[in-house]
Amino acid sequence: MTSLWPEKDGRRWPIAGEGGLRMRELESRILERITELECSLRPQLALSNASDQGANSIAGGGSDAAEHTESCLSVILRSTGVSDFTFRRVPLDYYQRTLEERREILGAYSVHHLCKSIVMVNTQAPANVTDCGDHTNSKYYVVIVQYIARLNAESIKNFLYALNNQKIPKKRFNLRLAPEEESLKLTGFVHNAVTCVNMKANIPVILDEAIAKLQPDFFWLGGGEVDLKLGIRTPQFINAFKPFLVSCSS
């Protein structure tokens, strides 16, 4: 077998051609895997930083941390088959601005395309339901709704009741906003930074049907840091994250 590193002048030199291409592809895959492993540790590191320095330490974190977040999430998105996405850094006073101003900053098609991810907890779940192991009857859900919409928790309750074939009493479904510390523990992201990509726990996702019907089919949500937003093609998001599609807003 011909070595990819033949001897010449007492040293070994890589040869060009098919073998060299395979070597570069292997190196690229190794680097991608290293990045994925780093990303898998990001929520734990974020929680550690939050306890040591306060939650705001994750919001900015400096340019190096910002680039790392974007790089990590990009690798994960591509690994799940998402190719049409973009990240956008926003001003620190983003949430003090009107929805129209936010739309302009992001270049979103309309204010209807501006969305948020909310961690909700089933406060009436049976005692044996303590985590997200069963997505049809989970203790927690991440619900994605438009900023302009009003969340209808009763619709989610009815959906979950039907999803479980009415075998669980409807009174056992009572979705409420999870405390911020629980949201951080489950997702690894602080308030206004929550995204479905690389959450610490495998929390089931509910996507409001109104978002799935948006045209153009490209919406914006949190990007892992308070001043980082993620724009993503809706069909690719649905294919990658397999959310429950529920009409849960008015």
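All of these numbers come straight from a predicted model, not from anything done at the bench.

Colleague: How should the nonpolar core be read in this particular structure?
Modeller: One recurring pattern in soluble globular proteins is that nonpolar side chains are buried together. Among the nonpolar cores identified, the biggest contains 35 residues, and Leu 77, Ile 144, Phe 219, Ile 232 and Phe 237 are the most heavily contacted of them. Setting aside chain neighbours within four positions, we find Phe 237 in contact with Ile 144, Cys 196, Leu 207, Phe 219, Ile 232, Lys 242 and Pro 243.

Colleague: Help me out: how do you make sense of the confidence of the model for the chain in this one?
Modeller: Regions with low pLDDT carry predicted coordinates that are not meant to be interpreted in detail. Averaged over all residues, the pLDDT of the chain equals 85, while 74% of them reach at least 70. Long-range and interchain partners of residues 43-61, a stretch whose pLDDT sits below 50, account for 24 contacts in this model, where long-range means more than four residues apart.

Colleague: Just to check I follow, could you spell out the environment of His 135 for this structure?
Modeller: Note on placement: His 135 falls in the loop between strand S4 (115-122) and strand S5 (140-146). Setting aside residues up to four positions removed in sequence, His 135 forms contacts with Tyr 141, Asn 202, Pro 204 and Phe 244. Reaching out from His 135, the side chain makes a polar contact with the backbone oxygen of Asn 202 at a distance of 3.1 Å.

Colleague: I tried to follow the sheet that holds strand S8 (residues 218-225) on my own but got confused; where do I start?
Modeller: Pairing between the strands of a sheet comes from backbone hydrogen bonds, and it takes one of two forms, parallel or antiparallel. Read across the sheet, 3 strands follow the order S3-S9-S8 without closing on themselves; strand pairing throughout is antiparallel. Whereas interior strands pair on both sides, the edge strands pair on one side only; in this sheet they are strand S3 (85-89) and S8. Taking each pair of neighbouring strands and ignoring which way they run, the sheet shows an average axis angle of 30 degrees. Where S3 meets strand S9 (residues 228-233), 5 bridges bridge the pair, whose relative direction is antiparallel.

Colleague: Help me out: how do you make sense of the pattern of salt bridges in this one?
Modeller: Two side chains carrying opposite charge are able to pair once their charged atoms lie near each other. Considering all chains together, one arrives at 6 salt bridges under this definition. Close ionic contact of Arg 97 with Asp 93 constitutes a salt bridge, the shortest N to O distance being 3.0 Å. Relative accessible area serves as the criterion here: at 29%, Arg 97 is assigned to the partly exposed category. By relative accessible area, Asp 93 is classed as partly exposed at 34%. A salt bridge links Asp 217 to Arg 233; the nearest nitrogen and oxygen atoms lie 2.8 Å apart.

Colleague: Quick question: what am I supposed to make of helix H6 (residues 180-187) here?
Modeller: In an α-helix there are 3.6 residues to a turn, and that puts residues three or four apart on one side. Turning to H6, its buried residues number three or more, namely Ser 183, Leu 184, Leu 186 and Thr 187. Backbone geometry just downstream of H6 places Gly 188 in the positive-phi region, at approximately 85 degrees.

Colleague: Help me out: how do you make sense of helix H4 (residues 99-106) in this one?
Modeller: If you check which residues of H4 are buried, you get Arg 102, Arg 103 and Leu 106. Taken end-on, H4 shows its buried residues confined to a sector of 105 degrees, consistent with a single buried face. As for H4, its buried residues are in contact with S3, S8 and S9.

Colleague: What is the right way to read the environment of Arg 103 from this model?
Modeller: Mapped onto the secondary structure, Arg 103 falls in helix H4. Beyond its immediate chain neighbours, meaning those up to four positions away, Arg 103 contacts Ala 108, Tyr 109, Ser 110, Val 111 and Leu 114.

Colleague: Could you clarify how one ought to interpret the pairing of S5 in this entry?
Modeller: Along any regular strand the residues' side chains alternate between the sheet's two faces. Counting buried residues along S5, 7 of its 7 residues qualify, which places the element largely inside the surrounding structure. Where S4 and S5 come together, 7 bridges link them in antiparallel fashion. Residue pairing for S5: Lys 116 is matched across the bridge by Val 145. As judged from the 3 bridges shared by S5 and strand S7 (residues 205-208), these two strands associate in the parallel manner. Bridging across to S7, Val 142 finds its partner in Val 205.

Colleague: Just checking my understanding: could you explain the sheet that holds S7 for this structure?
Modeller: The sheet built from 5 strands is open, its strands ordered S6-S4-S5-S7-S10 with mixed pairing. Every other strand in the sheet has two partners, leaving strand S6 (175-177) and strand S10 (244-246) as the edge strands with one partner each. When the angles between neighbouring strand axes are averaged without regard to direction, this sheet yields 35 degrees. As judged from the 3 bridges shared by S4 and S6, these two strands associate in the antiparallel manner. Among the inter-strand pairings, Asn 122 is bridged to a residue of S6, identified as Leu 175.

Colleague: Got a minute to help me understand the packing of aromatic side chains in this structure?
Modeller: Each aromatic ring pair is described using two quantities: the centre-to-centre distance and the angle formed by the ring planes. Counted under the stated rule, the structure contains 6 aromatic pairs. Both rings, one in Tyr 94 and one in Tyr 95, keep their centres 5.0 Å apart while their planes meet at 90 degrees; by these two values the pair is edge-to-face. Taking relative accessible area as the criterion, Tyr 94 reaches 5% and is therefore assigned buried. Relative to Trp 220, the ring of Phe 218 has its centre 6.0 Å away and its plane inclined at 75 degrees; by these criteria the two rings are edge-to-face. Note on Phe 218: relative accessible area 17%, which makes it buried. When the ring centre of Tyr 94 is taken as reference, the NZ or CZ atom of Arg 102 above it lies at 5.4 Å. For the cation-ring pair, Arg 102 lies above Tyr 147, with the distance from its terminal atom to the ring centre recorded as 5.4 Å.

Cut-offs and rules
Residues numbered from 1 in each chain as written. Predicted model: local features only at pLDDT ≥ 70, side-chain atom pairs only at ≥ 80, totals over all residues. Heavy atoms only, no water. Core = buried A, V, L, I, M, F, W, Y, C linked by side-chain atoms within 4.5 Å. Buried < 20%, exposed > 50% of the residue type's maximum accessible area, 1.4 Å probe, protein only. Contact = heavy atoms within 4.5 Å. pLDDT = per-residue confidence, 0-100. Helix = DSSP H or I, 4+ residues; strand = E, 2+ residues; numbered from the N terminus. Polar contact = N/O pair within 3.5 Å; in protein donor to acceptor, adjacent residues only side chain to side chain. Pairing = 2+ DSSP bridges. Axes fitted to C-alpha atoms, helices over the stretch in contact; angles between N-to-C directions. Salt bridge = Lys/Arg side-chain N within 4 Å of Asp/Glu carboxyl O. Arc of directions from axis to C-beta. Phe/Tyr/Trp six-rings, centres within 6.5 Å; stacked < 30°, edge-to-face > 60°. Lys NZ or Arg CZ within 6 Å of the ring centre and 35° of its normal.

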